[in-house]
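Structural description and commentary
Here are the chains, one letter per residue:
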Amino acid sequence: ASGDIGVHGAAVMVARNHIQFSNEVASDTDTVTPLVDAALKWAPDVHFMRDPTRGGLAAIFNEIAGGEAFGILLHEESLPINATVNAVCEMLGIDMLHLPSEGRLVMICNAEASPKIIEAWRQMPQGANASWIGEITDQSGRVVLNTTTGGHRLVDVPRGELLPRIC
């Protein structure tokens, strides 16, 4: 992931619900073109790249793994999470993995290219918090989160619309 997740979704929910925080939650809406350009050098190693706007990370990874012979394991401790966004999710009872991000990219690439692309992304404002967040597994069609407490939970497909389309 090219940076903090769920920021746009949290910003919209804070504004809609008139929630006050000591730290402002501003949308991460931004162009992803510089991130794509930075990854072009490793294009042969890139298998998938998309912005997590509709349904967040949960939707993207379930779409990728659904019905396939592989699965995806996400590592909670590696997710780039903004503390204020985390507080919004906890307060509203929302799974952060379901929140959209408007100026971020999610990429699946060869393991050898991953640290190089992450380092390239970190050199620019749009990718300052880029991080490796997971791996492909042999768990057919499953998306699993390895939690910070040492457990595992299935990452479900988002149900309904947390943020109905406004544009």
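Heads up: these notes are all about the structure in this document. Predicted, not measured: the structure shown is a model, and the values here were computed from it.

1. Focus on the overall build of the chain
In terms of regular secondary structure, the chain is built from 5 helices and 6 strands. Across the chain, helices and strands are ordered from the amino to the carboxyl terminus as α-α-β-α-β-α-β-α-β-β-β. Relative to the compact-globule value of 15 Å for 167 residues, the chain shows a C-alpha radius of gyration of 15 Å, a close match. Scored against the burial criterion, the 167 residues of the chain give a buried share of 48%. Put simply, of all contacts in the chain between residues at least 6 apart along the chain, 79% involve residues at least 24 apart.

2. A closer look at the sheet that holds strand β6 (residues 152–154)
Strand order in the open sheet formed by 4 strands is β4-β2-β5-β6, with mixed pairing between adjacent strands. Two strands in the sheet have a free side with no partner beyond their single neighbour: β4 (134–137) and β6. Going across the sheet, the axis of each strand differs from the next one's by a mean of 25 degrees, ignoring polarity. Here strand β5 (residues 143–146) runs beside β6; their pairing, made up of 3 bridges, is antiparallel. Residue pairing across strands places Asn146 opposite His152, the latter belonging to β6. Of the strands in this sheet, β2 (71–75) and β5 are in contact with helix α3 (residues 56–65), which crosses β2 at around 150 degrees.

3. Considerations on the environment of Met13
If you trace the backbone, Met13 turns up in helix α1 (residues 7–16). A C-alpha to C-alpha distance of 8.3 Å links Met13 and Val88, two positions 75 residues apart in sequence.

4. Topic: the pairing of β2
Within β2, 5 of the 5 residues are buried, leaving the element largely enclosed by the surrounding structure. Residue alternation in β2 divides its side chains into two sets, Gly71, Leu73 and His75 and Ile72 and Leu74, and both sets are buried. Sheet topology places β2 next to β4; 4 bridges connect them, and they run antiparallel. The partner of Ile72 across the bridge, within β4, is Ile136. As defined by bridge partners, β2 adjoins β5 across 4 bridges and the pair is classed as parallel. The residue of β5 that forms the bridge with His75 is Asn146.

5. Quick look at the packing of α1 against helix α4 (residues 83–92)
Where α1 meets α4, the closest approach of the two axes is 10 Å, and the angle between their N-to-C directions is 60 degrees. Taken together, the axes of α1 and α4 lie oblique to each other. By crossing handedness, the relation of α1 to α4 is classed as left-handed. Between α1 and α4, the contacting residues are Val7, Ala10, Met13 and Val14 on the first element and Val85, Val88 and Leu92 on the second. Residue composition of the contact of α1 with α4, grouped by class: 7 nonpolar, no polar and no charged.

Scoring rules and cut-offs
- Residues numbered from 1 in each chain as written.
- Predicted model: local features only at pLDDT ≥ 70, side-chain atom pairs only at ≥ 80, totals over all residues.
- Heavy atoms only, no water.
- Helix = DSSP H or I, 4+ residues; strand = E, 2+ residues; numbered from the N terminus.
- Rg over C-alpha atoms; globule rule 2.2 N^0.38 Å.
- Buried < 20%, exposed > 50% of the residue type's maximum accessible area, 1.4 Å probe, protein only.
- Contact = heavy atoms within 4.5 Å.
- Pairing = 2+ DSSP bridges.
- Axes fitted to C-alpha atoms, helices over the stretch in contact; angles between N-to-C directions.
- Parallel < 35°, antiparallel > 145°, perpendicular 65-115°, else oblique.
- Left-handed = near helix turned anticlockwise from the far one by under 90°.
- Nonpolar A, V, L, I, M, F, W, Y, C, P; charged D, E, K, R; others polar.

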